[in-house]
Amino acid sequence: MHSAEEAELATAKGRVEELRARIEHHSHRYYVLDAPEISDAEFDQLLRELGTLEQRHPELLTPDSPTQRVGGVAAARFAPAKHSSRLLSLDNVFDGEELSAWHDRVVKGLGREPSYVCEPKIDGVSVAVVYERGILIRGATRGDGDVGEDVTANVRTIRGVPTRLRTADPPAWLEVRGEVFLRLADFARLNKELGEAGKPLLANPRNATAGLLRQKDPSVTAARPISVYFHGLIRIEGRAPASYSETLALLREVGLRTHPESKPCATMDEVRAYVTDMEARRHALEHEIDGAVIKVDRLADANELGATSKFPRWAIAYKFPAEEQTTKLLDIQVSVGRTGAVTPFAVLDPVRVGGVTISMATLHNAEEVERKGVLIGDSVVVRRAGEVIPEVVAPIPSLRKGDERRFVMPTDCPVCGTPIVRPEGEAVARCPNLQCPAQVLGRIVHFAGRGAMDIEHLGERTAAELLDRNLIATPADIFYLTAPQIGQLPGFKDRAITNLETAIAEAKNRPIDRLLYGFGIRHVGASAARALADAFGSIDRIAASSAEEIAAVDGVGDVIAGAARAFFDRPETRELLEKLRRAGVRLDEQRATPSGHLDGKTFVITGTLAALSREAAKSRIEALGGKVTSGLSGKTDYLVVGESPGTKLDKATKLGVATLDEAAFLALLAGDQPAAADDAS
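In what follows, the accompanying structure is described.

Here is what the cut-offs are and how they apply
- Residues numbered from 1 in each chain as written.
- Predicted model: local features only at pLDDT ≥ 70, side-chain atom pairs only at ≥ 80, totals over all residues.
- Heavy atoms only, no water.
- Axes fitted to C-alpha atoms, helices over the stretch in contact; angles between N-to-C directions.
- Helix = DSSP H or I, 4+ residues; strand = E, 2+ residues; numbered from the N terminus.
- Left-handed = near helix turned anticlockwise from the far one by under 90°.
- Contact = heavy atoms within 4.5 Å.
- Nonpolar A, V, L, I, M, F, W, Y, C, P; charged D, E, K, R; others polar.
- Core = buried A, V, L, I, M, F, W, Y, C linked by side-chain atoms within 4.5 Å.
- Buried < 20%, exposed > 50% of the residue type's maximum accessible area, 1.4 Å probe, protein only.
- Pairing = 2+ DSSP bridges.
- Parallel < 35°, antiparallel > 145°, perpendicular 65-115°, else oblique.

## Some words on the packing of helix α3 (residues 96-110) against helix α9 (residues 268-280)
Between α3 and α9, the shortest axis-to-axis distance is 12 Å and the interhelical angle comes to 145°. Considering the relative orientation of α3 and α9, their crossing is right-handed. On the side of α3, the interface is formed by Leu-99, Ser-100, Trp-102 and His-103, while α9 contributes Met-268, Val-271 and Arg-272. For the contact of α3 with α9, the class distribution of residues is 4 nonpolar, 2 polar and 1 charged.

Here is the structure:
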């Protein structure tokens with residue numbers, strides 16, 4: 001090898017090692033500590049640079065590289081993977097009396113009171129992960145407890161599973177047990193994407209996780225946001241923790257994520273308090289749980305207690321009330337939402353699920369009804385998790401009597417009689433009449449809702465009364481209501497009238513992203529509304545922008561841009577904006593009075609600056625009258641480019657946005673005029 005090639009390889013090797021260390025550091029910050037230090041775009045840029053170097057110098061590629069989280073050919077089947085020791089399942093208790101009986105057996109077996117550790121019982125999929133000398137070599141499902149399926153390629157894609165332990169002195173062998181799951185927010189987002197694409201919806205987070213973990217193509221698993229918490233040792237060489245508490249500390253020490261709700265409990269009274277608290281907060285967690293796990297803390301005590309042929313005696317699962325029940329499907333009817341979506345819903349024989357009596361449940365769309373094979377008159381499994389709308393999971397065909405009947409989707413809107421249409425490529429049928437009373441009511445309720453204009457005391461019942469009395473017809477009409485008009489509503493006396501008037505007045509000054517979200521534009525959620533508000537600074541600028549300019553904003557894209565453009569092109573939208581303007585509703589972002597030479601200039605920052613933190617740079621810009629946004633568009637004046645910039649640099653070039661390196665940016669802050677756009681880059 002020539003000296004020049006050797007020098008290049010040495011340089012590449014140093015950069016590869018540096019990139020791997022930085023990527024693993026930021027992966028740990030994001031997926032384990034939930035405390036990211038850089039943006040997703042900056043992380044992706046690091047990963048791309050590493051991948052480019054490894055392609056250029058394949059001799060530098062190693063199995064534990066972060067780029068190898070997804071790789072290899074899809075397996076025809078999963079090979080068996082034998083665990084170092086049997087992975088036992090837990091016995092269950094269902095009430096305080098049964099928990100006390102288990103505790104009495106533990107005390108009898110040990111001859112004294114032990115201490116415990118409690119943690120949530122995640123409703124996920126159990127895995128066993130093996131590290132040899134700190135390198136991930138295998139991931140397997142639990143299987144029958146002795147032998148599972150080798151799903152290493154898929155486990156590598158889970159960001160919370162490091163490919164290399166974060167320790168300079170790793171154990172020669174570390175086999176750990178964890179629980180893989182989907183966060184509820186991620187599950188909801190996946191189902192929304194599937195529904196909009198007209199694909200079958202996922203039944204529940206656990207089943208979805210199990211399916212993703214057993215994908216033949218690891219790239220499919222990698223594309224989904226699976227999470228993991230580790231909760232036990234199967235086998236370790238070179239270290240010997242004395243307790244479960246020490247085990248959790250060891251796992252955290254080497255970079256493995258443990259549940260933040262794990263808690264030591266010195267007495268059974270503390271255990272009972274933990275169980276009560278966890279049941280009360282079960283729906284506030286990021287994932288589904290079906291109970292709490294109680295473990296004897298000292299491993300010597302656990303060894304002394306031993307296990308039966310099925311269950312350990314040193315641990316128990318306290319199961320919470322079931323969130324699935326069986327009931328009768330009395331009828332299938334349809335509702336019409338604010339976007340015109342005509343959605344089937346189930347009318348049920350009332351049943352108590354998850355502590356609440358329900359008599360209705362969603363069926364999503366006609367295709368889902370057909371896919372699930374649900375018939376009117378069926379006995380069905382109904383599911384409710386937290387504040388999520390109850391849904392029909394599946395019918396029970398074995399209980400059919402022969403008089404059940406199929407659901408037929410109506411051809412006309414049940415509210416206004418307009419023929420229903422189903423846009424090409426969509427699973428949802430819609431009423432196209434924008435003046436359909438159900439849509440009008442839905443838009444008013446959404447506009448006044450907490451995530452939008454947050455007009456307290458104006459809920460669905462009040463909105464319906466206002467519409468029935470012809471006191472309002474559009475969201476803008478809310479701001480013209482008078483005290484005598486509000487007084488016409490049932491139950492509205494002096495104090496209630498004043499409260500609603502005050503809430504309406506306060507709503508006039510909401511940030512414009514709340515107003516934009518409140519319009520109820522299809523596909524424009526809260527995050528997209530915030531990105532558009534940041535990028536354009538006013539409703540009028542958004543309304544005057546082309547679909548291409550809107551789509552150029554980070555996090556927006558063509559679908560959202562097309563929906564926004566269609567909304568602002570409607571004559572009724574222009575009338576709505578004019579009425580809001582006359583009523584004094586805020587249509588522009590408010591900012592401090594400009595105090596410098598950057599008045600009116602919009603900046604986006606990408607990469608890492610050496611002299612200033614991101615927040616310090618933003619403060620300096622705003623102090624001089626400028627504005628910093630996250631979304632890059634044709635309206636952006638300058639892109640400030642630091643070290644390791646993300647994709648925004650390429651986008652700026654395409655949009656013709658002037659770019660400033662750090663030296664030019666600091667000079668601009670000092671008052672120097674920037675070079676022309678072509679030179680600034």
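## Digging into the nonpolar core
Residues Ile-455 and Phe-519 are the most contacted members of the largest nonpolar core, which totals 56 residues. Ranked by residues supplied to this core, first place goes to helix α17 (residues 526-536) with 7 residues. Not counting chain neighbours up to four residues away, the residues in contact with Phe-519 comprise Phe-447, Ile-539, Phe-567, Leu-576, Leu-577 and Leu-580. One finds Val-155, Val-176, Val-180 and Ala-208 within the second-largest nonpolar core, a separate group that totals 28 residues.

## Focus on the sheet that holds strand β3 (residues 116-122)
Pairing is mixed in the open sheet, where 5 strands are placed in the order β2-β11-β10-β3-β9. With one partner strand each, in any of the chains shown, β2 (92-93) and β9 (263-265) form the two edges of the open sheet. Bridging between β2 and strand β11 (residues 315-319) involves 2 bridges; their strand directions are parallel. Of the residues in β11, the one forming a bridge with Asn-92 is Ala-317. Against the sheet, α3 touches β2, β3, β10 (289-296) and β11, its axis set at about 175° to β11. Contacts from α9 reach β3, β9, β10 and β11, with the element oriented near 20° to β3.

## A short note on unusual backbone geometry
Phi is positive for Arg-133, which is not a glycine, with a value near 50°. With respect to the helices and strands, Arg-133 occurs in the loop between β4 (125-132) and β5 (135-141). For His-364, which is not glycine, the phi dihedral falls at a positive 70°. Structurally, His-364 can be placed in the loop between β14 (356-362) and α11 (366-372).

## Considering the packing of helix α20 (residues 557-569) against helix α21 (residues 571-582)
For the pair α20 and α21, interaxial distance at closest approach is 5 Å and the crossing angle is 75°. Considering their axes alone, α20 and α21 lie roughly perpendicular with respect to each other. On α21, the residues that touch Phe-567, Phe-568 and Asp-569 of α20 are Pro-571, Thr-573, Arg-574, Leu-576 and Leu-577. Among the residues making up the contact of α20 with α21, the classes are represented as 5 nonpolar, 1 polar and 2 charged.

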